[in-house]
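Residue-level structural notes
Residue strings, one per chain:
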Amino acid sequence: MADLIRCRRGIVLGTLAPLLTLVLAGCSGITGGEVQSANELAGDNARSIWNLFVPIFWLSVVIFVLVQGALIYAVIKFRAKEGDPVPAQLHGNTKVEVAWTIAPAIILAVILVPTITTIASLAEEPDDPYVVDVVGHQWWWEFDYQDEGFKTGNVMHIPVDQPVEVRMTASDVIHSFYAPNLFGKQDLIPGRTTHIYFTAEETGEFYGQCYEFCGVQHANMHFRIMVHEQDEFDEWIASQQEGAIEPEPDTIEAEGKEVFFQQGAACHACHAIDGAVAEDGTEAVAEVGPNLTNLGDRPILGAGSLENTPENLRDWIRDPHESKPGNEMPAFSESQISDEDLDALVAYLSSLR
Ligand code: CUA
């Protein structure tokens, strides 16, 4: 309902431009809930693109009205009446043809100037940006805080009012990083490094989406960006650097931690949990799937295919293909992880913050 009201507000307030954007953005979008929209600006990069889009849109409206107006006028005014003779039959008109070649060329040349200026300004590296390395995988996002020495998955945290450099590459196929409220889209290309520079101007949770078709679960390749005040962000960094929470002995979480390393589950074969060590000394350092050090802190599972609740996490581990067919995580039957063990595992993973 809130989405509907927002949609309607867009229609009433806005002019055709935001309406069109809303339609293209699909209002609430497939992510559900929050508005993932290029006309609710919360970053300088998105604002530059919007400031380019709006005048070009209105210029197009003017041209549309003029051309269609002339067409409608001609159709009505010169409509054949009964008894009219057959009109003179012409072939070509040099003046008109030159005019309709030159006029669009001039219009495009005019549009080119602010377009190139905007592209250049978006590509300009700000002074001393905060760098987050991003790797696109089929179908999840790896966020690598190299200077701080940890990685996380699918949810990126950044400070507000601080220029950020997203430094990107891909491990398999081409993906595209896009959070419409904050910045325009940019491809992630295997073997190459690409960049997005932006400054988030508001704190909050922003939705993002892979924007380049990258396989069957392209649509389920969402991410979130959490924008914090600087002190809150510093706290988050510090808590990540501390590694995973160690469960109290003899709790269900402690049991879950052992299940994580057990032969049936062997979650550590694919996933890392920083600082988690099994009783036999095995460490969880694999990087096949997302790093789970702060899984309980994330609002989403499976790169946004599910909300992160204990029930969904349970279902996800049992059969990740139910909600996200084609993803690389195997399903775990009861012979691999018993119901009881699964409860413990879910309790452990949910406790990781
Ligand atoms: Cu990754 Cu589409």
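Residues numbered from 1 in each chain as written. Predicted model: local features only at pLDDT ≥ 70, side-chain atom pairs only at ≥ 80, totals over all residues. Heavy atoms only, no water.

Attention now goes to the sheet that holds strand S9 (residues 204-210). Here we have 5 strands laid out as an open sheet, ordered S4-S10-S9-S6-S7, and mixed in their pairing. Edge positions in the sheet fall to strand S4 (155-159) and strand S7 (183-188), since each of these pairs with one other strand and no more. Across the sheet, the mean angle from the axis of one strand to that of its neighbour is 25 degrees, orientation sign disregarded. When strand S6 (residues 175-179) meets S9, the two strands line up antiparallel, connected through 2 bridges. Within S9, the position partnered with Phe-177 by the bridge is Cys-210. Contacts from helix H5 (residues 230-241) reach S4 and strand S10 (222-228) within the one sheet, and its direction differs from that of S4 by about 135 degrees. (Pairing = 2+ DSSP bridges. Helix = DSSP H or I, 4+ residues; strand = E, 2+ residues; numbered from the N terminus. Axes fitted to C-alpha atoms, helices over the stretch in contact; angles between N-to-C directions. Contact = heavy atoms within 4.5 Å.)

Tracing the sequence through the fold places Thr-199 in strand S8 (residues 194-199). Thr-199 sits in the buried class, given a relative accessible area of 15%. (Buried < 20%, exposed > 50% of the residue type's maximum accessible area, 1.4 Å probe, protein only.)

Right, let's get into the pairing of S7. When S6 meets S7, the two strands line up antiparallel, connected through 4 bridges. By the bridge assignment for S7, Ser-176 is matched with Asp-187. The turn linking S6 back onto S7 is made up of 3 residues.

All right, on to the packing of aromatic side chains then. Across all of its chains, the model carries 19 aromatic pairs by this definition. Judged by centre distance (5.5 Å) and plane angle (15 degrees), the ring pair of Phe-177 and Phe-183 falls under stacked. In terms of burial, Phe-177 and Phe-183 fall into one category: buried. Each member of the aromatic cluster is reached from another via a ring pair, and the members are Trp-141, Phe-143, Phe-177, Phe-183, Phe-198 and Phe-223. (Phe/Tyr/Trp six-rings, centres within 6.5 Å; stacked < 30°, edge-to-face > 60°.)

Looking now at the domain arrangement of the chain. What the domain assignment reports for the chain is domain 1 (14-200 + 227-237) and domain 2 (252-350). Distance from the C-alpha centre of domain 1 to the C-alpha centre of domain 2: 37 Å. Every contact between the two is made by 9 residues of domain 1 and, on the other side, 15 residues of domain 2. Seen at the junction of domain 1 and domain 2, the total is 1 salt bridge. (Domains from an automatic or database assignment. Salt bridge = Lys/Arg side-chain N within 4 Å of Asp/Glu carboxyl O.)

The next subject is the environment of Ile-300. Here Ile-300 lies in strand S13 (residues 300-301). With sequence-adjacent residues up to four places away left out, Ile-300 is seen in contact with Asn-154, Val-155, Phe-223, Arg-224, Leu-306 and Asn-308.

Further remarks concern unusual backbone geometry. Cis geometry marks the peptide bond from Gln-138 to Trp-139; its omega dihedral reads -5 degrees. Locating Trp-139 in the fold gives a position in the loop between strand S1 (130-137) and strand S2 (140-145). Unlike most non-glycine residues, Asn-154 shows phi in positive territory, near 70 degrees. By the element assignment, Asn-154 lies in the loop between strand S3 (150-153) and S4. Positive phi, close to 55 degrees, is recorded for Asp-161, a residue that is not glycine. By the secondary structure assignment, Asp-161 is in the loop between S4 and strand S5 (163-170). The class of Asp-161 is exposed, set by a relative accessible area of 55%.

Right, let's get into the packing of helix H6 (residues 252-261) against helix H9 (residues 339-351). Where H6 contacts H9, the axes come no closer than 7 Å and their chain directions differ by 105 degrees. What the angle tells us is that H6 and H9 run roughly perpendicular. Mapping the contact onto sequence places Ile-252, Glu-253, Glu-255, Gly-256, Lys-257, Val-259 and Phe-260 in H6 and Asp-341, Asp-343, Ala-344, Leu-345, Ala-347, Tyr-348, Leu-349 and Ser-351 in H9. Residues of the contact of H6 with H9, tallied by class, amount to 8 nonpolar, 2 polar and 5 charged. (Parallel < 35°, antiparallel > 145°, perpendicular 65-115°, else oblique. Nonpolar A, V, L, I, M, F, W, Y, C, P; charged D, E, K, R; others polar.)

Reading across the sheet, the 5 strands line up as S3-S2-S1-S5-S8 and stay open at both edges, with mixed pairing between neighbours. Where the open sheet ends on each side, the last strands, each with one partner, are S3 and S8. Strand-to-strand, the axes of this sheet are offset by a mean angle of 25 degrees, without reference to chain direction. Taken together, the 6 bridges between S5 and S8 define a ladder with antiparallel strand orientation. When the bridges of S8 are listed, Val-166 appears paired with Ile-196. Against the sheet, H5 makes contact with S1, S2 and S3, and its axis sits at roughly 105 degrees relative to S3, the strand it touches most.

The next thing to look at is helix H3 (residues 44-77). Because each turn of an α-helix spans 3.6 residues, side chains separated by three or four positions end up pointing in the same direction. Across its 34 residues, H3 extends 49 Å between first and last C-alpha, which sits within 8% of the 50 Å expected from 1.5 Å per residue. Listed in full, the buried residues belonging to H3 are Asn-45, Ala-46, Trp-50, Leu-52 and Phe-57. (Expected span 1.5 Å × (residues − 1).)

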